[in-house]
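If you want the building blocks of each chain, they are given just below.
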Amino acid sequence: MRKPIKAIRFLPLFILLPILLACNLPQWSQDTSISATNKEDTTRRPYPTNLTTSVDRQLLRQIKGLGDIFAENKIWKGYDYRTYPQYLVHVTKEGPDRAFLINPPFLPEKAILLGENENQGLDNVYRYDGRMQDAYNYLFGPNGNEVFTFNFQIGIQAYYTQAYTDDLSAGMNDPSMTVSYSTHELFHRFQDEWEWVPDSKQDFDNFPITAELLELQILCQEVLKDLPDSRLDQQQIRALLQQYVAIRSREMQLDPTPDQLIKNHELYQEQMEGSARYIEVMSNQQFFSAQDYEARFGYSLLEFWVESKEDVRGLVGQSAYYGTGGSAIYLLHRLGISIEEMQLGKTPYQLASDYLQMSADDLESALQKAYSHPKMEEIRDKVKAWIALK
């Protein structure tokens, strides 16, 4: 059984990130003790260096490989992961012991360019330990999440900053775990350039929990949980997308909230977190071997053990949408729909609904198809148990 997280150190992204809500983390004050110089005027060293370990090089190799995949513009047009400034801090039980800058627009003093024997093809990566203790103190301090922050200031530049350990799988037997934080979270910075979804909001505290809605939300995840699946043909892909639209349409009809939180919160979460989950999974699927990486947008909510209504709200109010959003986007892409239209303030549901143009009869037929799911009885039993929680 999967249990909602209580600790937050290096856990699966689709579970951990709703807890972090890192987009609201405070920004570091500017570092005025380091003079920054233009990177073009600094030390370009043609000779080999000895500044990394095999773990560092493995992580840099992953960053380089995934950057090359995104640069092909086949996963999400316009997302150039290679260009974002990053500060990666290696940590042990005793604290930080080394750190690396990637793509610094301005270079702090004492930053050392990695030689070609170590940089794994990244032309702009430097060993820089000058701020690693400050970064560590923040990430592992009272306002940190022990993993990452968006706005750690070095000189005049804000860096996406992330801690990592010798175990790049973060104890999950998944070699993508550490680098996935980087690709996923930096996609959120790319989303800063998107148009706002009209009337969208994040209101986790007031997200509705009713038996009728829970049944549909668990069912939606169950219908989509096996994606991506390259074996599906166009008819099967379309049928799954129709069930998704039918389920979400019924949820909106049942929404008891005055702010229409199914439409304005749930569908918005599928756009924001689902798209980040989509690019994460699709790029990892290309880079890592099938033996090492299981490509999956989400997991059955039936597998999770919850102890309270708060746990339930955390699952269906946010965690679930990494999976359902990523899956819906995958289906749209497979049908040839431009998923980049989400940058114009559209949700996966809106794109799917506009494409399918389902009538009332079509919606009812697709909903009944979803209700015929072999785990429907188990879903209803789970709903009864969760509704009874305090």
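Bear in mind that the values here come from a model prediction, so they are computed numbers and not experimental data.

### Thoughts on the overall build of the protein chain
Secondary structure assignment for the protein chain yields 11 helices and eight strands. When the 390 residues of the protein chain are sorted by exposure, 58% land in the buried category. Across the protein chain, every contact between residues at least 6 apart in sequence was considered, and the portion connecting residues at least 24 apart equals 77%. Summed over its atoms, the accessible surface of the protein chain is roughly 16,900 Å², and 47% of this surface lies on carbon and sulfur atoms.

### Re the packing of helix H6 (residues 234–254) against helix H8 (residues 309–334)
One way to put it is that H6 packs onto H8 with a least axis distance of 10 Å and a crossing angle of 135°. One way to sum up the angle between H6 and H8 is to call them oblique. For the pair H6 and H8, the crossing hand works out as left-handed. Residues Gln234, Ile237, Leu240, Leu241, Tyr244 and Arg248 of H6 form the contact with H8, whose own contacting residues are Tyr321, Thr324, Ala328, Tyr330, Leu331, Leu332 and Arg334.

### Let's talk about helix H3 (residues 132–139)
Along H3, the residues classified as buried are Met132, Ala135, Tyr136, Tyr138 and Leu139. Taken end-on, H3 shows its buried residues confined to a sector of 165°, consistent with a single buried face. As for H3, its buried residues are in contact with strand S2 (86–92), strand S3 (95–102), strand S7 (148–154) and strand S8 (157–164).

### Describing the side chain of Gln243
Along the polypeptide, Gln243 turns up in helix H6. Judged by its relative accessible area of 8%, Gln243 is buried. Apart from the residues within four sequence positions on either side, Gln243 is in contact with Val223, Ala366, Lys369 and Ala370.

### Remarks on helix H2 (residues 54–71)
In this model, H2 (18 residues) spans 25 Å end to end at C-alpha, consistent with the 26 Å of a helix rising 1.5 Å per residue. Where H2 is concerned, the buried positions are Val55, Asp56, Leu59, Leu60, Gln62, Ile63, Gly65, Leu66, Gly67, Ile69 and Phe70. Of the residues one or two after H2, Asn73 is the one with positive phi, at around 60°.

### Things to note about the pattern of salt bridges
Note on pairing: side chains with opposite charge can pair once their charged atoms come close. Going through the model one piece at a time under the given rule, you end up with 21 salt bridges. Salt bridges linked by common partners bring Asp56, Asp97, Arg98 and Asp166 together as one network.

### A closer look at the sheet that holds S7
Here six strands make up an open sheet; going across it, the order is S5-S6-S3-S2-S8-S7 and the pairing mixed. Both edges of this open sheet fall to strand S5 (112–113) and S7, since each of them pairs with a single strand only. Looking at chain direction, S3 and strand S6 (residues 125–127) are connected through three bridges and run antiparallel. Residue pairing in the sheet places Ile102 in a bridge with Val125 of S6. Seen against the sheet, helix H4 (residues 177–191) touches S2, S7 and S8 and runs at an angle of roughly 155° to S8.

### What to know about the packing of aromatic side chains
One pass over the full model with this rule turns up 26 aromatic pairs. Relative to Trp194, the ring of Phe187 lies with its centre 5.8 Å away and its plane at 90°, an arrangement referred to as edge-to-face. Residue classification places Phe187 among the buried positions, given a relative accessible area of 0%. Three or more aromatic residues joined by ring pairs form one cluster here, namely Phe70, Trp76, Tyr79, Tyr81, Tyr84, Phe187, Phe190, Trp194, Tyr278, Phe297 and Tyr330. The lysine or arginine in question, Arg189, covers the ring of Phe150, its NZ or CZ lying 4.1 Å from the ring centre.

### With respect to the nonpolar core
Ranked by internal contacts, the top residues of the largest apolar core, which has 96 residues, are Trp76, Tyr79, Tyr244 and Tyr278. The element that contributes the greatest number of residues to this core is H8, accounting for 10 residues. Dropping the residues within four chain positions of it, Tyr278 is found in contact with Ile75, Trp76, Phe297, Gly326, Ile329, Tyr330, His333 and Ile339.

### Side note on the side chain of Thr161
Relative to the elements of secondary structure, Thr161 occurs in strand S8. Leaving out residues up to four positions away in the same chain, Thr161 has contacts with Tyr87, Val89, Ala135, Leu139, Val147, Phe148, Thr149 and Phe152.

### Quick word on the environment of Met358
Considering the arrangement of structural elements, one finds Met358 in the loop between helix H9 (348–356) and helix H10 (360–371). C-alpha separation for the pair Met358 and Gln242, spaced 116 residues apart in sequence, amounts to 8.0 Å. Those residues in contact with Met358, other than ones at most four positions away along the chain, are Gln242, Val245, Leu363 and Ala366.

### Considerations on the confidence of the model for the protein chain
Mean pLDDT over the protein chain stands at 90; residues scoring 70 or higher make up 88%. Confidence drops under a pLDDT of 50 for residues 1–12, and excluding neighbours within four residues, the segment shows 43 contacts in the predicted structure. Counting contacts from residues 17–42, a segment whose pLDDT is below 50, to residues more than four positions away or on other chains yields 62 contacts.

### Description of the pairing of S2
Buried residues dominate S2, accounting for six of its seven residues. In this structure, the hairpin formed by S2 and S3 is closed by a connection of two residues. Bridging between S2 and S8 involves five bridges; their strand directions are parallel. Bridging across to S8, Val89 finds its partner in Ala163.

So, how was this worked out
Residues numbered from 1 in each chain as written. Predicted model: local features only at pLDDT ≥ 70, side-chain atom pairs only at ≥ 80, totals over all residues. Heavy atoms only, no water. Helix = DSSP H or I, 4+ residues; strand = E, 2+ residues; numbered from the N terminus. Buried < 20%, exposed > 50% of the residue type's maximum accessible area, 1.4 Å probe, protein only. Contact = heavy atoms within 4.5 Å. Areas by Shrake-Rupley, 256 points an atom, 1.4 Å probe, with all protein chains shown as cover. Axes fitted to C-alpha atoms, helices over the stretch in contact; angles between N-to-C directions. Parallel < 35°, antiparallel > 145°, perpendicular 65-115°, else oblique. Left-handed = near helix turned anticlockwise from the far one by under 90°. Arc of directions from axis to C-beta. Expected span 1.5 Å × (residues − 1). Salt bridge = Lys/Arg side-chain N within 4 Å of Asp/Glu carboxyl O. Pairing = 2+ DSSP bridges. Phe/Tyr/Trp six-rings, centres within 6.5 Å; stacked < 30°, edge-to-face > 60°. Lys NZ or Arg CZ within 6 Å of the ring centre and 35° of its normal. Core = buried A, V, L, I, M, F, W, Y, C linked by side-chain atoms within 4.5 Å. pLDDT = per-residue confidence, 0-100.

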